[in-house]
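Structure assessment
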Amino acid sequence: DVKVTQSSRYLVKRTGEKVFLECVQDMDHENMFWYRQDPGLGLRLIYFSYDVKMKEKGDIPEGYSVSREKKERFSLILESASTNQTSMYLCASSLWGTNPYEQYFGPGTRLTVT
Amino acid sequence: KNEVEQSPQNLTAQEGEFITINCSYSVGISALHWLQQHPGGGIVSLFMLSSGKKKHGRLIATINIQEKHSSLHITASHPRDSAVYICAVGMVGSGYALNFGKGTSLLVTP
């Protein structure tokens, strides 16, 4: 079974702090994604990566950066957290070859910025 | 960008009822996902389809490529089906990212 894990289920940070959200998958997937989910807006793509050290901006990259130094790990970084980044953050991964759209999701991190 | 519309937004049903959730999208796709999210956040994939119909237990998903429309049906609904159901589409050239509908919140009462 594919397992996608995220470093924290709940996180509370202060405005201006640097925040790291970590995502690890154990199935050698090439593609990894970071989404945020907000009530009434659904899931929106922040960044994705299709290979180590490769990254692409999604629909809402402002205020975020990412890092993919190893194939299994994809980190989302909030350089200076703001209250409008309070949200649920979901990581996902997929395999390049057979079914690249079949994404497997992590449990999510609910981030509150105060 | 593919606009994905789901209806209804909220749905309350009595146990045993037949339920239909609809999804329409604006641009041709490579694949369509139906996802389920229970309170607490975890998302699981129910179906991925690009044509026709798929069935798994009491769940049935259909897609009409010409009409750019998909439906998720739940037969003999049960309170444990209460969750948010999300439609998502993938397009060639999108980097394999998905565009998501806003979700349908389903409550099945005993």
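The following refers to the structure shown. (Residues numbered from 1 in each chain as written. Chains lettered and ligands numbered in written order. Predicted model: local features only at pLDDT ≥ 70, side-chain atom pairs only at ≥ 80, totals over all residues. Heavy atoms only, no water.)

Below, the discussion takes up the overall build of chain B. What chain B contains, in helices and strands, is zero helices and eleven strands. Dimensions along the principal axes, computed over C-alpha positions, put chain B at roughly 45 × 30 × 20 Å. The long-range share in chain B, meaning contacts at least 24 apart out of those at least 6 apart in sequence, stands at 55%. Only carbon and sulfur atoms are counted for the fraction: they give 52% of the accessible area of chain B, which is about 5100 Å². (Helix = DSSP H or I, 4+ residues; strand = E, 2+ residues; numbered from the N terminus. Contact = heavy atoms within 4.5 Å. Areas by Shrake-Rupley, 256 points an atom, 1.4 Å probe, with all protein chains shown as cover.)

Right, let's talk about the sheet that holds strand β8 (residues 69–74) of chain B for a bit. All names here are of chain B. Reading across from one edge, β1-β3-β8-β7-β6 is the order of the five strands in this open sheet, with antiparallel pairing throughout. Whereas interior strands pair on both sides, the edge strands pair on one side only; in this sheet they are β1 (4–7) and β6 (52–56). Ignoring strand direction, the axes of neighbouring strands in this sheet form an average angle of 15°. (Pairing = 2+ DSSP bridges. Axes fitted to C-alpha atoms, helices over the stretch in contact; angles between N-to-C directions.)

Moving on, we get to the pairing of strand β5 (residues 43–49) of chain B. Residue and element names in this part refer to chain B. One ladder, built from six bridges, connects strand β4 (residues 31–37) with β5; its direction is antiparallel. Residue leucine 32 lies in a different strand from β5, and its bridge partner there is leucine 49. As consecutive antiparallel partners, β4 and β5 are separated by five residues, and within that stretch glycine 40 has a phi angle of approximately 110°, a positive value.

Before going further, it helps to spend a moment on the layout of surface pockets. Estimated volume of the largest pocket: approximately 450 Å³. Forming the walls of the largest pocket are 22 residues, and the residues nearest its centre are A:Gln37, A:Asp38, A:Pro39, B:Gln37 and B:Val84. The set of elements that each furnish at least two residues to the lining of the largest pocket consists of β4 (31–38) and β9 (87–94) of chain A together with β9 (83–90) and β11 (104–109) of chain B. For the lining of the largest pocket, the element with the highest residue contribution is β9(B), accounting for three residues. (1 Å grid on protein atoms, 1.4 Å probe; cavity = no way out; pocket = protein on both sides within 12 Å on 5 of 7 lines; lining within 4 Å. Points joined across faces, edges and corners; volume = space filled by probe spheres on them.)

Along the chain, B:Val89 falls in strand β9. Sequence separation of B:Val89 and B:Trp34 is 55 residues, and the distance between their C-alpha atoms is 9.0 Å.

Moving on, we get to the sheet that holds strand β7 (residues 64–70) of chain A. Residues and elements named next belong to chain A. One open sheet accounts for four strands, arranged β1-β3-β8-β7; its pairing is antiparallel. For this open sheet the edge positions go to β1 (4–6) and β7, each flanked by a neighbour on one side alone. Strand-to-strand twist across the sheet, computed as the mean angle between neighbouring axes with direction ignored, equals 20°. Note: β7 against strand β8 (residues 73–78), five bridges, orientation antiparallel. Opposite serine 65, over in β8, you have isoleucine 77 as the bridge partner.

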